[in-house]
Structures are given as C-alpha cells and as structure tokens.
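Here's the letter readout for the chains.
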Amino acid sequence: VTTVSRFQCISLLTDYGLQDGFVASCHGVLARLAPGVHVIDVTHLVPPGDIRRGAAVLAQTLPSLPHGVHIAVVDPGVGTLRRSLALVAGDHVLVGPDNGLLPPAAEVLGGVGPAYEITSGAAMLQPVSHTFHGRDVFAPAAARLAAGELTVAALGPEVPVDELVQLPMPLASAGDGWAQAEVVTVDRFGNVQTALRAGRLAGAGFALGDVASISAGGVRHPVRYAETFGSVPKGALVLYVDSAGYISVARNGGDAARLLGARPGSLVRIRAGASGTEAYGHALRPPGI
Amino acid sequence: VTTVSRFQCISLLTDYGLQDGFVASCHGVLARLAPGVHVIDVTHLVPPGDIRRGAAVLAQTLPSLPHGVHIAVVDPGVGTLRRSLALVAGDHVLVGPDNGLLPPAAEVLGGVGPAYEITSGAAMLQPVSHTFHGRDVFAPAAARLAAGELTVAALGPEVPVDELVQLPMPLASAGDGWAQAEVVTVDRFGNVQTALRAGRLAGAGFALGDVASISAGGVRHPVRYAETFGSVPKGALVLYVDSAGYISVARNGGDAARLLGARPGSLVRIRAGASGTEAYGHALRPPGI
Amino acid sequence: VTTVSRFQCISLLTDYGLQDGFVASCHGVLARLAPGVHVIDVTHLVPPGDIRRGAAVLAQTLPSLPHGVHIAVVDPGVGTLRRSLALVAGDHVLVGPDNGLLPPAAEVLGGVGPAYEITSGAAMLQPVSHTFHGRDVFAPAAARLAAGELTVAALGPEVPVDELVQLPMPLASAGDGWAQAEVVTVDRFGNVQTALRAGRLAGAGFALGDVASISAGGVRHPVRYAETFGSVPKGALVLYVDSAGYISVARNGGDAARLLGARPGSLVRIRAGASGTEAYGHALRPPGI
C-alpha cells in the first residue's frame, strides 16, 4: 500500500460556479488545515451535476499539474449513501464522490488504486453538513493528506477498485477511410473534441493534408486533416490532434461546434474525400493558391 | 481597543466581474504591499451594485476562512462622501465601504467593532482615483494591516458602531404549521435560501420527513422537509437546512428557483400538509415505493 | 542587454475562458517549473481571439502588479509561423505571441525591448503541441525566467523592436469645445472608456462641472464632466477620468454602453454645451436643487 505522506499541491475542480462563496469556503478550509500548500483551481464551471464533463476536464488537466491531492466535486448525490473516496493514482491522490468522476483521471496519472472510503470523523469538519461535502469532507480530508497529518489508509476502509462506480466509455471506432466517435468536450472556442485518440485517423488511412468530410448528424462539411487552426483558411474546418492527444475539429477563426451542431455526446462521422457543400470548397484550397 | 497586528490571510469580495483587470489590480497591490500573505477570492460576481447579495455571500463564507483581513467592495457610492471603513470583528478585520456590506459578516465572525474610518493618506496608494478605491484605498489599507505596517487605529478616527449604515433585516416569521420568509440568495444550482434559521421549521411543528406545500407567489408545490437533495425523487422539491444554517429549497436534479419563480427578495410561504398540484404527487412518494 | 534573472511574480492573461482546464494546465506548469513564485491571473475572459481587448486590459492592469514575468496569450495564429516573444519592458518581461498584444503594455511599463524570439527547445515543454503554446511554450519559458534558470537572451535570437507586430493606434482627437475618440474598452458596469487621455478634455476647454453632449452614433445625451459616478443624479451620464487615466463615460447606477449603444471600436463624439433630449434635463440638475 502506498503511504504517500506529504504533498506541495492541492487542486480543486467543482461544479460550484463562481458567483457563490462555495469555492472560497473550500479554499478557506484548505488554508486553515494545510497552510502553505499551493492550491490550483482546475475549473468550477462544470455544468451542475455533469459528471462526464467533470471527469473529462479532470483527466485532461491533471497531467500538467504537480504531484498532489486533487479534489473533484460534481456530486448530485451529496448526503446520500454514495461513498466518499480517496483514490491513489501513481504519486497523486484523488478525492471526491464515488460516481465515476475520478477513475479516468486516475488512469492517466498512472494507476487506479488502492482506493479508500472516507469514513473517519477525524478527517472531516464537524458537524458535517448534508449538502456541502466539498467544505466538510473532501477539502479537510485532502488538506490533512497534504499536510501529512493523515495517510490515505487512515481515512477509512479500503474499497476494491473493481467496485468503484465507472462511467460508460465514449464510443469511438474507425476503419478504412472512415471514423466515428462521440464528442467528449466542446471548449470555449467551440473546438469539438472527439473520443478518438491521436493515432486512430492515421490507422484509418488518413494522412496530414488530406481532405475529408464530417458531420455531427446535420449537414456534411469538408475538413482538412492538418496541424493547427491556421493550417486552413479563415472559416474552414480542420481536424487535428489536440493538446490532450485527441482528434478534434476546429473552425479557423470560428466556432466548429456551432457550425456542426455538435454537443458533448453527439456522434461525429468522418469520411475520406471531400463531399461537402460547394460553399466550403474554396475555403479548402491551401493558402496561397 | 483591539490591536491586531498581523494576518496570514487576506480575502477579497467584489462586484468587479472577471472580464476586466480590476481584480488583478487589487491582487497586484496586495502582492506588492503584503508579499507572502495568502489571498483568497470570495467571489467577484456579485451583481453590479448589489450590496445585499454581497453582504449575504460575505457573511456566509467568511466563517470558513482563516483569521484575516477581508476586503469587500460593492460600492456604487465610490468617490462620494460615503465612509471607507475598517471594522474589527473578533480576530478578523473587515475593510470596505460604509454602506451596509460589512456588518452582517462582522456579526457572524463574533463581534461588530470597534470601527475606524480610513482617512490616513499613508494607508492609501497616491494619487487616489475617484472611481477605484478597491485598488487605491481598500487593498492598500488591508495589505498594510496584514503586513503589520499599520494598526487599525492608525487608519483613521474611530466611528461609533451604531452610526454604521445597516441593511434592513430580511423578513422571516413562522407559527404553528406555517412559515414565511424572504429569499436571501439563489445559488448556481437554483437552490433558494430563505431568511429562516435552521430551528424555525422545527419550532413551527415541522418534522423531518413531513410533506408541506410551498409557493413564492405563484403555483403551490408539494415539498418534503428532509436532509439532502437525494432524499426526494428526481424532480421533487426538498426543504432542508443548508450548509450556512438556513432553511433552503432545492429541486433534486433541477432548479428550484426557476420552478418556484423565486428571486432574492421574493416572499416564500410554507404550509404544513401537501396541497400542491397532483402532477407532483407521485414525485413525493419515498424512493422504493 | 538586460539580464534580469529572477522574479517573484508571474501573471497570466488569456482568452482561454474558465470552463475548460486550459488555465489550470498553465498554472500547473508554473507550479512545477517555478515553485514558490506568486502567480496572479489578470483575466482569462478576453473574448476569443480579441487581441485589441487583451492588449488594452494588459496595459492598464500591469502597472499595479509587482515586477515580474507577464504571460499574455490571445493567439489565433498558434502553431503557424508567427513568432513567440519575450519582450523586456523596464524591470518586467512580457511573454506571448508577436501579434500586437504585448507592445502597449511594454510602453506603460517603461520601455519596449530588447525583444527575443523564443526558439530554444530547452525553454519549452517537449513535445510542443501545435495548438496550446500557453502550456508548452509561454508558461515554461516564463517559469524558467522567473526561476532564474534561463535569461531572456537564452530564449532565442534578438528581434529588432521595430519589427514587432503593432496594433493600429485608436483614434482620439480634440479641439476647442469638442472631442472625439474610439472606444477602447467597455467594462462589466457598462462604463465606456475612450482613447482620450486624461488631459485632453481640459485642453479642449472643458472644466469640471461643465455640461456637454455625447453620442456614439445614435441619440445625443447630456453628460456632466465630473469626478465620479455619484457626482451626477441616478440615471445621468458622467464624463470622468478613469482609474487608468482615460476619459470614460459612466451612467450613475446604470449602463452607459447600453444607453449610448457603444462598443469597443465605436466612435464617441463630445460637444460642449447641453443639447440632448429634454428627458434627461432634470437628471443633470445638481443634487439638491
């Protein structure tokens, strides 16, 4: 059993939003119980209760963070019998509800488990409210781990990793000249991230510079497989490997999600060869021609 | 007179929003004048000029924070004759305009006063602008308190506490089988916080598990008095004691404020016994029946 | 050549928004490569790709910050041949794309240059993505500067300052009894900042207390030249020197941008003497009359 004992960094992801004092209450608890530990906000704008979105942002962001204790709270079941977890992942510990939010991040951090249910009253702030476990359970437990005051094993009984709640895997498949996949996230710029990992397009016979067509259930649009936004003319679509290693779709200077009508969970279909509307034809000529 | 001389934490609540550089300017001043002091953002999304909202969030969040100097700036009267205050509250100091924003927080922190008007030029950044006292008056005064460079008494003359501007108290009353109260806040999830303190429902004869009806001026809805969101079926309303100790209304997996048509300042009426629309009847059966 | 070697502060301005993990990824890189350095977020809500807005907020905020390395990323050309820059400005270093974002801030910080193109692989995180230079180029370069691990001159070849991309200067002119200027920013409160520096109204013969008329292409409104919002009655317009030293227009208790129909880039015209609609006449009587 890993006995990680001290961390210089705590991170915090929630669906609490920024207009209330909930995030600050958690920061206050961390500052009181683990003074001097560096706190990084991952995001607090996960849509209320959207566990899949929270899990995706967490898994894609934590690899850039220092070793630490990472709190994630998207927790529609707060105060019910759902378990509170501390999940060891390589040199990190993830803390949050057992609802599928944590395991994808644990995997990219290098290992899922061991896992512990947080049951120790000494880990929590008493009295524990029924609706704000971020402040009363997860932040204090994380702070006490980071401060070296408690070990993960002291938080409560071990939970077999194969009993943890898991999210369904997003769909992703590809064959000769085609690929289809669920949309995992849409970012602020309207870039559409699919569940296809970087190598899948090459495996399906697509080469950098190729033109394909793409749809998310609506009109098909031409798209070029290239390196970055500026690789295609303004207004044109580009398929690229994004900074988290997924195949994504962007519109240079625009919003691909809006153009495609794509949302998280939408199915995106990619087919070799241009067959989109003529209106976009000109936009796919390489710059300078 | 309290002569608190050094603080490890400064917090900051404003209505400045996050799209401009105003918050960062305050952080910059704090970093320059009190290097090494930990700064916690309470929120910067108080609606512009909404003193009551700012006062409520401040009073409900500060009890989770470390002892410190707490800056609050919701200040439509900036640059006029309204006073700038440093208000001692237990082991904390509150800094901000004298417009009602600070006293509710001072009360929950364990004491209102003594209070001082900030008039000392040495506390401010010169020249003082007429429209940005967060940067030029409140942040530098707070930084100098936290750094131990100035005492509160050195900021300016004492102001009798009973001369401080006070907000009107929100309405809250309850009797046998009924309660009514003003809505204090609505949070990101649409949870509706009333001005009723935790014990008022019990005092009016309500017991955990009871079904009541509720309205905010529109349609009456059935609601169960319970511990947490998941205590009622998806889509149903729940009355509960929230994490700040107030009676609140939530909709499991939904937005209670939208369903009720409730906003801060709305009057919420609660009556013992179910008498809502039949459409919600099924939703109030306990899970498993 | 300046060889600034160590900074206690790093700041960060982007158009990444707050709902994704992009900002946290940059914070993570900074915490890993420059542990202990204080990080200040300027804003992350620059509208996507809006370089002028980013440049204005940066130039107006950095003067309040400690000496440091300031990262700014509004970068629609990421991954193309646009240069990555480290631009020395007095005792500060600015890091970001060569697209006009940095020079206005460099000027207010006391000097533009020398400038260096960031080309050293040792400054970056390998492998460098094509779409996230905030994480892979700018944050690591800034962290290594702040940590004293690299000097600016070690980042890459010097670039002549007169070859840097520059934004066009906003229009601003004034004569006897009139002034006109482009709108530089509109803030959260709807305050309209023009490109006129503080002294320009006085130079055009306006004195504090004077009534003028103003339009942004639509209806003309009366406005008083005064010190602060509360210098005019509720609902009335006020011309004032804002906290960054520009002539701005506010509406006491309201939103001047909405009333005027003004946006960044709009042309605002100011003319001595009241000639607006009668509806506003009463609002301009001094308080108490």
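Provided above is the structure to which this section pertains.
Below, the structure is looked at part by part. (Residues numbered from 1 in each chain as written. Chains lettered and ligands numbered in written order. Predicted model: local features only at pLDDT ≥ 70, side-chain atom pairs only at ≥ 80, totals over all residues. Heavy atoms only, no water.)

1. Quick word on the overall build of chain A
Looking only at helices and strands, one finds six helices and 15 strands in chain A. Across its three principal axes, chain A shows a C-alpha extent of roughly 65 × 35 × 30 Å. In chain A, which comprises 289 residues, the proportion classed as buried is 58%. A sequence separation of at least 24 residues applies to 66% of the contacts in chain A between residues at least 6 apart. Looking at charge distribution, chain A has the averaged site of its 20 positive side-chain charges lying 9 Å from that of its 22 negative ones. (Helix = DSSP H or I, 4+ residues; strand = E, 2+ residues; numbered from the N terminus. Buried < 20%, exposed > 50% of the residue type's maximum accessible area, 1.4 Å probe, protein only. Contact = heavy atoms within 4.5 Å. Lys, Arg positive; Asp, Glu negative; His and termini not counted. Charge placed at Lys NZ, Arg CZ, Asp CG, Glu CD.)

2. A word on the nonpolar core
All names here are of chain B. I10, V69, I71, V93, V95, I118 and L155 are the most contacted members of the largest nonpolar core, which has 37 residues in total. Secondary-structure elements contributing two or more residues to this core are β1 (9–14), α1 (22–33), β3 (69–73), β4 (84–89), β5 (92–97) and α4 (133–146). Among the elements that take part in this core, α4 stands out by supplying eight residues, more than any other. Residue contacts for V93: discarding those within four places in its chain leaves F7, G68, V69, H70, A86, L87, V88, L145 and V152. (Core = buried A, V, L, I, M, F, W, Y, C linked by side-chain atoms within 4.5 Å.)

3. Concerning the environment of B:K234
Residues and elements named next belong to chain B. The residue K234 is located in the loop between β12 (221–225) and β13 (237–241) in this model. Each C-alpha atom, one on K234 and one on V183, is 23 Å from the other, the two residues being 51 residues apart in sequence. The residues contacting K234, other than those within four sequence positions of it, are N252 and G253.

4. Details of helix α1 (residues 22–33) of chain A
Because an α-helix completes one turn every 3.6 residues, residues spaced three or four positions apart along the sequence face the same direction. Compared with an ideal rise of 1.5 Å per residue, which puts 12 residues at 16 Å, α1(A) spans 17 Å between its outermost C-alpha atoms and is within 8% of the ideal. Burial analysis of α1(A) places 11 of its 12 residues in the buried class, which makes it a mostly covered element. Considered for burial, the residues of α1(A) that qualify are A:F22, A:V23, A:A24, A:S25, A:C26, A:H27, A:G28, A:V29, A:L30, A:A31 and A:L33. Residues of α1(A) that are buried in the fold lie against β1 (9–14), β2 (38–43), β3 (69–73) and α4 (133–146) of chain A together with β2 (38–43) and α2 (51–61) of chain B. (Expected span 1.5 Å × (residues − 1).)

5. What about the relation of the copies chain A and chain B?
Overlaying chain A with chain B gives an RMSD of 0.0 Å, the required rotation being 120 degrees about an axis along which the chain moves by 0.0 Å. Taken together, the turn and the small shift mark the pair as related by a three-fold rotation axis. Each copy contacts the other with its own distinct surface, as only 7% of the interface residues of chain A are interface residues in chain B too. (Least-squares fit on C-alpha atoms with pLDDT ≥ 70 in both.)

6. A closer look at the environment of C:V192
Residue and element names in this part refer to chain C. With respect to the helices and strands, V192 occurs in strand β10 (residues 192–197). The exposure class of V192 is buried, given its relative accessible area of 0%. Taking the C-alpha atoms as reference points, V192 and G177, separated by 15 residues in sequence, lie 20 Å from one another. When residues no more than four places from it in sequence are discounted, the contact partners of V192 are V183, T185, V186, I247, S248, V249, A256, A257, A262 and V268.

7. Quick look at the interface of chain B and chain C
Every contact between the two is made by 28 residues of chain B and, on the other side, 25 residues of chain C. Buried surface at the junction of chain B and chain C, both sides included, amounts to about 2,200 Å², of which 57% is carbon and sulfur. Three residues stand out in chain B for area buried against chain C, namely B:Q19, B:D20 and B:T131, and they jointly supply 24% of the buried area on that side. Counting across the chain B and chain C interface gives one salt bridge. The biggest single contributor to the side of chain B that touches chain C is α1(B), with eight residues. Here the side of chain B that touches chain C is built from residues that sort into 12 nonpolar, 12 polar and four charged. (Buried area = accessible area lost by both parts, 1.4 Å probe. Salt bridge = Lys/Arg side-chain N within 4 Å of Asp/Glu carboxyl O. Nonpolar A, V, L, I, M, F, W, Y, C, P; charged D, E, K, R; others polar.)

8. Brief notes about the pairing of strand β15 (residues 267–272) of chain C
Residue and element names in this part refer to chain C. As defined by bridge partners, strand β9 (residues 178–186) adjoins β15 across five bridges and the pair is classed as antiparallel. Bridge pairing in β15 links A179 to I270. Here strand β11 (residues 211–215) runs beside β15; their pairing, made up of four bridges, is antiparallel. Within the sheet, the bridge partner assigned to S215 lies in β15 and is R269. (Pairing = 2+ DSSP bridges.)

9. Observations regarding the side chain of B:R82
All names here are of chain B. In this fold, R82 is placed in the loop between β3 and β4. A polar contact of 3.2 Å, which involves the side chain of R82, links it to the side chain of H133. Discounting chain neighbours no more than four positions away, the residues touching R82 are D75, G77, P97, D98, H133 and F138. (Polar contact = N/O pair within 3.5 Å; in protein donor to acceptor, adjacent residues only side chain to side chain.)

10. Some points on the sheet that holds β3(A)
All names here are of chain A. Read from one edge of the open sheet, seven strands run β2-β1-β3-β5-β4-β6-β7, paired in mixed fashion. Taken across any chain shown, the strands that pair with only one partner, and hence form the sheet edges, are β2 and β7 (158–159). Sheet topology note: the strand β4 (residues 84–89)/strand β5 (residues 92–97) ladder contains six bridges and is antiparallel. Counterpart to A86 in the pairing with β5 is V95. α4 rests against β1, β3, β4 and β5 of the sheet, and its axis sits at about 170 degrees to β3. (Axes fitted to C-alpha atoms, helices over the stretch in contact; angles between N-to-C directions.)

11. Here's the deal with the pattern of salt bridges
Considering all chains together, one arrives at 24 salt bridges over all chains under this definition. A salt bridge links C:D20 to A:R53; the nearest nitrogen and oxygen atoms lie 2.7 Å apart. Separated into two different chains, C:D20 in the loop between β1 (9–14) and α1 (22–33) and A:R53 in helix α2 (residues 51–61) make up a pair that spans both. As far as burial versus exposure is concerned, C:D20 and A:R53 are alike and both buried. We note a salt bridge from C:R82 to C:D75, for which the minimum N-O separation is 2.7 Å. The class of C:R82 is buried, set by a relative accessible area of 16%. By relative accessible area, which is 10% here, C:D75 ends up buried.

12. Quick notes on the side chain of C:H133
Tracing the sequence through the fold places C:H133 in helix α4 (residues 133–146). Setting aside chain neighbours within four positions, we find C:H133 in contact with C:V78, C:G79, C:R82, C:S84, C:V128, C:F138 and C:A139.

13. Looking at the pairing of β1(B)
Residues and elements named next belong to chain B. Counting buried positions along β1 yields six of six residues, so the element is predominantly enclosed. Residues of β1 alternate between two faces, with C9, S11 and L13 on one and I10, L12 and T14 on the opposite face, all of them buried. Between the parallel pair β1 and β2, the chain is carried across by α1, and the sense of this crossover is right-handed. Pairing geometry for β1 and β3, over five bridges, is parallel. Bridge pairing links L13 to A72 in β3. (Right-handed = clockwise from strand over helix to strand, strands pointing away.)

14. Some thoughts on the sheet that holds β2(B)
Residues and elements named next belong to chain B. An order of β2-β1-β3-β5-β4-β6-β7 is seen for the seven strands of this open sheet, with the pairing classed as mixed. Sheet topology places β2 and β7 (158–159) at the edges, where each strand pairs with a single neighbour. Packing of α4 onto the sheet brings it into contact with β1, β3, β4 and β5, and relative to β3 it is tilted by some 170 degrees.

15. Let's talk about the packing of aromatic side chains
If you walk through the whole model with that rule in mind, you get 12 aromatic pairs over all chains. Consider the rings of C:F229 and C:Y240, whose centres lie 5.3 Å apart with planes at 80 degrees: the pair is edge-to-face. Separated by 11 residues along the polypeptide, C:F229 in the loop between β12 (221–225) and β13 (237–241) and C:Y240 in strand β13 bring together distant segments of the chain. Linked through ring pairs, A:Y16, A:F22 and A:F132 together constitute an aromatic cluster. Geometry around B:Y246 places B:R197 over its ring, the cationic atom sitting 4.2 Å from the centre. (Phe/Tyr/Trp six-rings, centres within 6.5 Å; stacked < 30°, edge-to-face > 60°. Lys NZ or Arg CZ within 6 Å of the ring centre and 35° of its normal.)

16. So, the packing of α1(A) against α4(A)
Residue and element names in this part refer to chain A. Contact geometry for α1 and α4: axes closest at 9 Å, N-to-C directions at 35 degrees. Considering how the two elements wind past one another, α1 and α4 form a crossing that is right-handed. Of α4, the residues touching α1 (which contributes S25, C26, V29, L30 and L33) are G134, R135, A139, P140, A143 and R144. Within the contact of α1 with α4, the residues separate by chemical class into seven nonpolar, two polar and two charged. (Left-handed = near helix turned anticlockwise from the far one by under 90°.)

17. Remarks on the interface of chain A and chain B
Taken together, the 28 residues of chain A in the interface contact 25 residues of chain B. Taken over both partners, the interface formed by chain A and chain B buries close to 2,200 Å², and the fraction arising from carbon and sulfur atoms is 57%. Summed over the shared surface of chain A and chain B, the result is 11 residue pairs in polar contact (both at pLDDT 80 or more). The greatest single-element share of the side of chain A that touches chain B, amounting to eight residues, is contributed by α1(A). Looking at the side of chain A that touches chain B residue by residue, the class counts come to 12 nonpolar, 12 polar and four charged.

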